[in-house]
Amino acid sequence: KKIFAFSIRKDEEPYVKEWASKHPNIEVGYTDELLTPKTAKYAKGANGVVVYQQLDYTADTLQALADEGVTKMSLRNVGVDNIDMAKAKELGFEITNVPVYSPNAIAEHAAIQTARILRQTKVMDEKVANGDLRWAPTIGREVRDQTVGVIGTGHIGRVYMQIMEGFGAKVIAYDPFENPELKKQGYYVDSLDDLYAQADVISLHVPATKENFHMINQDTIAKMKDNVVLVNCSRGALVDTDAVIAGLDSGKIFGFVMDTYEDEVGIFNADWRGKQFPDSRLEDLIHRSNVLVTPHTAFYTTHAVRNMVIKAFDNNCKLINGKPADTPVKVG
Ligand code: NAD
Ligand code: COI
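Before going into details, it helps to say that this report is about the structure given with it. Model, not experiment: these values are computed from the prediction. (Residues numbered from 1 in each chain as written. Chains lettered and ligands numbered in written order. Predicted model: local features only at pLDDT ≥ 70, side-chain atom pairs only at ≥ 80, totals over all residues. Heavy atoms only, no water.)

1. Points about the site of ligand 1
The test is simple: Summary of the distance rule: residues count as near a molecule or strand when at least one heavy atom falls within 4 Å of that molecule or strand. Any pair of N or O atoms that falls within 3.5 Å is considered a polar contact. Within protein, one atom must be able to donate a hydrogen and the other to accept it, and sequence-neighbouring residues count only if both atoms are side-chain atoms. The protein chains shown are the only cover counted for residues, whose accessible areas, like all others here, come from Shrake-Rupley with a 1.4 Å probe. Both site types are read off a 1 Å grid over the protein atoms alone. A 1.4 Å probe that fits but cannot get out defines a cavity, while an open set with protein on both sides within 12 Å along at least five of seven lines defines a pocket; lining residues have an atom within 4 Å of a point. For this analysis, a molecule is said to be in a pocket or cavity if more than half of its atoms are within 2 Å of the grid points defining it. Only Asp, Glu, Lys and Arg are considered charged, only Ala, Val, Leu, Ile, Met, Phe, Trp, Tyr, Cys and Pro nonpolar, and every remaining residue, Gly among them, polar.
Around ligand 1 there are 24 residues in total, and His155, Ile156, Asp175, Asn212 and Asp259 lie nearest to it. Within the backbone of Cys233, an N or O atom sits 3.0 Å from a nitrogen atom of ligand 1. Arg235 is positioned with one of its side-chain polar atoms (N or O) 3.5 Å from an oxygen atom of ligand 1. Contact with the protein chains hides 85% of the accessible area of ligand 1, taken as 860 Å² for the molecule alone. The cavity that encloses ligand 1 is the largest pocket. Partitioned by chemical class, the residues of the shell around ligand 1 number 14 nonpolar, seven polar and three charged.

What follows is the structure, given as structure tokens:
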């Protein structure tokens, strides 16, 4: 049997080799190229594919894979919002993801960036680099003085809560599916409106669903406290970027952490040095001293990457051998 993997980066290669060495009965092939309608042909002769990419899994891409006889696809990441599920269902795809590869990777990044915004480290770094070593007016806010509102108490949200509590913050949370342990400990507020009214820092840890599209918008920002800090290490589609820019301009929003951006596809994880930057709105955000932009790298740690590769191959191996996968995705 054969598994073919797309878009394998240099930092993933050792883990692909590690998995292959432990599964001598499975032939493993891979490329550093993304899966597209053009490259799908590399999977010819394979029983399944292992994939990860920022590009959408469009109907054309899925069709091209199916034309090669491959309909067992294992993602190396959590999010499944970029798959044309209707087409996948029509073609009979079986799909797996890796829902828990390292919640700490993302939670830790969100927490670090939260603390940086509160201490205005980007402002101070810029001042120091320019020879301005004065303290004022770049005074910090201590995390322990903040009420931190966590939206979504799944795998990542829960770790973020622990880290922020470690700093001494008061943590409150909202999730329509309350975790019984957290409920017992009294973290939950009754509604998002309650969270908006109380939180000094708001961090999003929810999936991009139709219902959650632009959940942070002009109306919801108006319900938040003045000088609120917004943290989005989840998905760009959750945030109406124009509304956040208006909030930054008016001073309502103290700072914005963005690891994800609604128009990131085709822009993040690419080298724009010496080229025309393709998005003036993003360029503006990048250059603001109270906005911390990272190009969807919250997940990007050695711990996470190893788990993403190994778990995706494990899943695909089960799929191609007709066994139930560890973490199947509902197709349709
Ligand atoms: P999870 O499924 O464990 O938890 C998500 C939680 O959000 C669930 O408990 C769900 O009930 C809750 N939820 C859904 N809609 C909500 C709403 N409107 N209000 C409040 N709660 C809501 O997911 P997770 O592993 O914690 O991941 C969260 C998200 O993080 C993923 O969906 C993905 O978009 C994002 N993510 C980002 C990166 C990155 O590198 N930046 C990496 C992995 C995941
Ligand atoms: C995810 O796992 O869903 C992420 O956001 C990380 C990225 C590799 C897509």
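Back to the text.
2. Overview of the site of ligand 2
Residues in contact with ligand 2, as listed here, are Tyr52, Asn77, Val78, Gly79, Tyr101, Arg235, His296, Phe299 and Met308. Gly79 has a polar backbone atom sitting 2.7 Å from an oxygen atom of ligand 2. One of the side-chain nitrogen or oxygen atoms of Tyr101 is found 2.7 Å away from an oxygen atom of ligand 2. Here ligand 2 has 280 Å² of accessible area as a free molecule, and 90% of this is covered by the chains. Judged by its atoms lying within 2 Å of the grid points, ligand 2 is housed in the largest pocket.

3. Focus on the sheet that holds strand E4 (residues 72-75)
Keep this limit in mind: Pairing between two strands requires that DSSP report at least two bridges joining them. Each helix is a run of H or I in the DSSP string that is no shorter than four residues. Each strand is a run of E no shorter than two, and both are numbered from the N terminus. Here, residues are in contact when the closest pair of their heavy atoms is within 4.5 Å. Axis definition: a line fit to C-alpha positions, over the contact stretch in the case of helices; interaxial angles, taken between N-to-C directions, run 0 to 180 degrees.
Taken together, the six strands give an open sheet; going across it, the order is E2-E1-E3-E4-E5-E12, and neighbouring strands pair in mixed fashion. Where the open sheet ends on each side, the last strands, each with one partner, are strand E2 (27-30) and strand E12 (328-329). Packed on one face of the sheet, helix H1 (residues 13-22) meets strand E1 (2-5) and E2 and runs near 165 degrees to E2.

4. Quick look at the packing of aromatic side chains
When we look at a pair of aromatic rings, we describe it by the centre distance and by the angle of the planes. We apply this condition: Here a pair means two rings of Phe, Tyr or Trp (six-membered ring of Trp) with centres within 6.5 Å. Their orientation is stacked below 30 degrees between planes, edge-to-face above 60, and tilted elsewhere. Throughout this description, buried means an accessible area under 20% of the type-specific maximum (1.4 Å probe, protein chains only), exposed means over 50%, and partly exposed covers the range between. When the NZ atom of lysine or the CZ atom of arginine is within 6 Å of a ring's centre and also within 35 degrees of its normal, the charge is said to sit over that ring.
Tallied over the full model, the rule gives five aromatic pairs. Plain terms: the ring middles of Trp19 and Phe313 are 5.0 Å apart, the flat faces sit at 35 degrees to each other, and that makes the pair tilted. Placement of Trp19 in helix H1 and of Phe313 in helix H12 (residues 302-320) is noted, with a sequence separation of 294 residues between them. Note on Trp19: relative accessible area 2%, which makes it buried. Joined through ring pairs, the aromatic side chains of Phe4, Phe6 and Tyr42 make up one cluster. Between the NZ or CZ atom of Arg141 and the centre of the ring of Phe254, over which it lies, the distance is 4.6 Å.

5. What about the layout of surface pockets?
Stated formally: Grid points are joined across faces, edges and corners, and a volume is the space filled by probe spheres set on the points.
When its volume is computed, the largest pocket comes out at roughly 1,500 Å³. Lining the largest pocket are 49 residues; nearest its centre among them are Gly79, Asp81, Pro207, Ala208 and Arg235. Looking at which element gives the most residues to the lining of the largest pocket, the answer is helix H6 (residues 155-166), with three residues. Grouping the constituent residues of the lining of the largest pocket by class yields 24 nonpolar, 18 polar and seven charged. The volume enclosed by the second largest pocket comes to roughly 210 Å³. The wall of the second largest pocket is formed by 14 residues, among which Ser7, Leu34, Gln54, Phe268 and Asn269 lie closest to the centre.

6. Here we look at the sheet that holds strand E8 (residues 201-204)
Within a sheet, neighbouring strands are paired by backbone hydrogen bonds and run either parallel or antiparallel to one another. If you walk across this open sheet you meet the six strands as E7-E6-E8-E9-E10-E11, and the pairing is parallel. A strand with exactly one partner marks an edge of an open sheet, and here the two such strands are strand E7 (170-174) and strand E11 (291-293). Strand after strand, the sheet turns through a mean of 15 degrees between neighbouring axes, direction not considered. Across three bridges, strand E10 (residues 253-258) lies against E11 in parallel orientation. The residue bridging Phe256 from the neighbouring strand is Val291, located in E11. Along the sheet face, helix H4 (residues 103-119) touches E8, strand E9 (228-232), E10 and E11 and points at about 150 degrees away from the line of E10. Running over the sheet, H6 touches strand E6 (147-151), E7, E8 and E9 and is turned about 170 degrees from E6.

7. Focus: the side chain of Asn316
Within the secondary structure, Asn316 sits in helix H12. Relative accessible area serves as the criterion here: at 0%, Asn316 is assigned to the buried category. Within the structure, Asn316 has its side chain in polar contact with the backbone oxygen of Val49 (distance 3.2 Å). Sequence-distant contacts of Asn316, that is, excluding residues within four places in its chain, are made with Ile3, Gly48, Val49, Val50, Lys72, Met73 and Ser74.

8. Some details on the nonpolar core
In plain terms, the rule: Each nonpolar core is a collection of buried residues, namely Ala, Val, Leu, Ile, Met, Phe, Trp, Tyr and Cys, held together in the definition by side-chain atoms within 4.5 Å.
If you look at the biggest cluster of nonpolar residues, it comprises 49 residues, and the most contacted ones within it are Ile3, Tyr160, Met164, Val231 and Phe313. Looking at which element gives the most residues to this core, the answer is H12, with nine residues. Those residues within four positions of Met164 in sequence are excluded, and the remaining contacts are Ala111, Thr114, Val143, Val148, Ala169 and Val171. Residues Ile202, Ile216, Tyr261 and Ile267 belong to the second largest nonpolar core, which totals 31 residues.

Purely spatial values, then, with no claim about function.
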